[in-house]
Amino acid sequence: MATHYEVLGVPVTATEFEILAAYRDKARPLNLDRFQGSRPYELGQAVRALAALDEALRVLGDPVSRAAYDEMMGAH
């Protein structure tokens, strides 16, 4: 399973700005309006990818959550 950093395609040293920019770049083509009329499988893939991006931003975008996540990842 990919780490939140891998999902966003940023290094662990990324700044908050870099994290937000990476999220926007990756989320833009996954906008669900672009999948109107597409096959359910394609829509499902987009929904899952967008959910992973949202979770990565939720964790890494908050300094407290990010510190806890980094500590947890370092422990494994």
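Residues numbered from 1 in each chain as written. Predicted model: local features only at pLDDT ≥ 70, side-chain atom pairs only at ≥ 80, totals over all residues. Heavy atoms only, no water.

A. Fine view of the overall build of the protein chain. Helix and strand counts for the protein chain stand at 4 helices and 0 strands. The linear arrangement of helices and strands in the protein chain, starting from the amino end, is α-α-α-α. Counting only C-alpha atoms and orienting by the principal axes, one finds that the protein chain spans roughly 45 × 25 × 15 Å. Sorting the 76 residues of the protein chain into buried and exposed places 28% on the buried side. Considering only contacts in the protein chain between residues 6 or more positions apart, those separated by 24 or more positions represent 51%. Total accessible area on the protein chain is roughly 5300 Å²; 59% of this is exposed by carbon and sulfur atoms. (Helix = DSSP H or I, 4+ residues; strand = E, 2+ residues; numbered from the N terminus. Buried < 20%, exposed > 50% of the residue type's maximum accessible area, 1.4 Å probe, protein only. Contact = heavy atoms within 4.5 Å. Areas by Shrake-Rupley, 256 points an atom, 1.4 Å probe, with all protein chains shown as cover.)

B. Highlighting a nonpolar patch on the surface. Judged by side-chain polarity, Leu 32, Leu 43 and Val 47 come together as a nonpolar surface patch covering roughly 200 Å² of accessible area. Positionally, Leu 32 belongs in the loop between α2 (16–27) and α3 (40–60). (Patch = residues over 30% accessible without salt bridge, like charges linked within 9 Å, V, L, I, M, F, W, Y side chains within 5 Å. Salt bridge = Lys/Arg side-chain N within 4 Å of Asp/Glu carboxyl O.)

C. Fine view of the confidence of the model for the protein chain. Averaged over all residues, the pLDDT of the protein chain equals 93, while 97% of them reach at least 70. Highest mean pLDDT in the protein chain belongs to helix α1 (residues 4–8) (98); lowest belongs to helix α4 (residues 63–75) (93). (pLDDT = per-residue confidence, 0-100.)

D. Inspection of the packing of aromatic side chains at higher detail. Tallying each qualifying case throughout the model produces 1 aromatic pair. Ring centres of Tyr 5 and Tyr 69 lie 6.1 Å apart, and the angle between their planes is 45 degrees; this geometry places the pair in the tilted category. With a gap of 64 residues between them, Tyr 5 in helix α1 and Tyr 69 in helix α4 connect regions that are remote in the sequence. A relative accessible area of 6% means that Tyr 5 is categorised as buried. Take Tyr 69: its relative accessible area is 10%, and that puts it in the buried class. (Phe/Tyr/Trp six-rings, centres within 6.5 Å; stacked < 30°, edge-to-face > 60°.)

E. Representation of the nonpolar core within the structure. In this structure, Leu 8, Val 10, Ile 19, Leu 53 and Leu 60 are the most contacted members of the largest nonpolar core, which totals 17 residues. When residues of this core are traced back to their parent elements, those giving at least two are α1, α2 and α3. Here this core gets 6 residues from one element, more than from any other, and that element is α3. If we skip the residues at most four places from it in the chain, Val 10 touches Tyr 5, Glu 18, Ile 19 and Ala 22. (Core = buried A, V, L, I, M, F, W, Y, C linked by side-chain atoms within 4.5 Å.)

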